[in-house]
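Reading the structure
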Amino acid sequence: SVSGGSYGLKETALKAGAAGRSGDIYVTGGSGSSDGFQQNSALSRDSASARAGLDLGRAGRLSLSGLFSRQRTGLPSGTPVPAADWDGSAERAANSLTDWQRSRRETGSLSWSGGSPALELRADGSLSSNFMEALQYGSVTRARVTDRTLSLRATLYGSAVAGAESTASSLDSAVYGDHSVNSAGFFAQKTFKPAAGLELTPAARYDRNGTYDGRVSPEFSAVYSPDGRWKLSAAAGRAFQ
């Protein structure tokens, strides 16, 4: 697709996909630009994304996805024109004719699922990076935020679940300094059916964060369905975020 509009707006996009017995793939890409309605607000951007799934037979299923985008825009930093004086062109005046900002984002993830009906397994991992650069007040500032995640989960006979996950986040900035936080979580729950229509589920989660002390979050829930018309449920627990 190709489109255009006022103030030099131009947009192009491409999408394609295919699917078969062993997997599927879908990709997109596009770009756009605009001269900007206000002075020093011209914009240009490009992006691309893709996802794919592959059936490995008895070895499970593999899924991948990725995203890339970049953008550059001017920073007019507001307008000195009072609102009462706006006439369709006066608001083009900008406080800055030279400031700008650039950003670039990259994300990738990988997921695998497999096992058997008795034991279902799943593993997920992702990596994302967001880089920002700006010229303001005569100087250039840069910052990068990076996040990494990993999670593992096992489900036994559809009634018991146990797993673990970890996250690592970092900030690299000349203004705010370099910082990083690592966290990990472990969780488990089991559903019991002591009587017809009654389900009891105790659960617990332990979070260990690089900033706070470790926290244990217990939970207990009960569901009772005497027939197809009624369902009674109750739960109590504690959470940490």
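Refer to the structure above for everything that follows.
This text gives an overview of the structure that appears in the document.

Rules behind the numbers
- Residues numbered from 1 in each chain as written.
- Predicted model: local features only at pLDDT ≥ 70, side-chain atom pairs only at ≥ 80, totals over all residues.
- Heavy atoms only, no water.
- Salt bridge = Lys/Arg side-chain N within 4 Å of Asp/Glu carboxyl O.
- Buried < 20%, exposed > 50% of the residue type's maximum accessible area, 1.4 Å probe, protein only.
- Pairing = 2+ DSSP bridges.
- Helix = DSSP H or I, 4+ residues; strand = E, 2+ residues; numbered from the N terminus.
- Polar contact = N/O pair within 3.5 Å; in protein donor to acceptor, adjacent residues only side chain to side chain.
- Contact = heavy atoms within 4.5 Å.
- Phe/Tyr/Trp six-rings, centres within 6.5 Å; stacked < 30°, edge-to-face > 60°.

1. Overview of the pattern of salt bridges
Side chains that carry opposite charge are capable of pairing whenever their charged atoms lie near each other. Under the criterion given, the structure shown has ten salt bridges. When the shortest N-O distance is used, the salt bridge between Lys193 and Glu199 registers 3.8 Å. In this structure, Arg205 engages Asp207 in a salt bridge whose closest nitrogen and oxygen atoms are separated by 3.0 Å. Residue class for Asp207 comes out buried when judged on its relative accessible area of 10%. The network of salt bridges with shared partners includes Arg102, Glu133 and Arg142.

2. Some remarks on the pairing of strand E8 (residues 139-156)
Here strand E7 (residues 119-136) runs beside E8; their pairing, made up of 18 bridges, is antiparallel. Residue pairing in the sheet places Gly125 in a bridge with Leu150 of E8. Between E7 and the antiparallel strand that follows it, E8, lie two residues; Tyr137 among them carries a positive phi value of about 55°. Here 14 bridges tie E8 to strand E9 (residues 160-173), and the two strands are oriented antiparallel to one another. The partner of Ala143 across the bridge, within E9, is Ser173. Adjacent in sequence and paired antiparallel, E8 and E9 are bridged by three residues, among which Tyr157 carries a positive phi angle near 55°.

3. Some details on the side chain of Ser111
Here Ser111 shows up in strand E6 (residues 100-115). Residue classification places Ser111 among the buried positions, given a relative accessible area of 12%. Within the structure, the side chain of Ser111 is placed 3.2 Å from the side chain of Arg122, a separation counted as a polar contact. Polar contacts involving the side chain of Ser111 include one to the side chain of Asp124, which spans 2.8 Å. Residues within four places of Ser111 in sequence aside, it is in contact with Arg61, Leu62, Ser63, Arg122, Ala123 and Asp124.

4. Focus on unusual backbone geometry
Phi at Tyr7 takes a positive value of approximately 60°, unusual for a residue other than glycine. On the secondary structure map, Tyr7 appears in the loop between strand E1 (2-5) and strand E2 (9-19). In this structure Tyr7 comes out as partly exposed when scored by relative accessible area, which is 35%.

5. A few points about the packing of aromatic side chains
Scanning the model with the defined rule gives one aromatic pair in all. Measuring from ring centre to ring centre gives 6.1 Å for Tyr212 and Phe240, while their planes differ by 75°; the resulting arrangement is edge-to-face. Placement of the pair is Tyr212 in the loop between strand E12 (198-209) and strand E13 (215-224) and Phe240 in the segment after strand E14 (232-237), with a sequence separation of 28 residues. Residue classification places Phe240 among the partly exposed residues on the basis of a relative accessible area of 24%.

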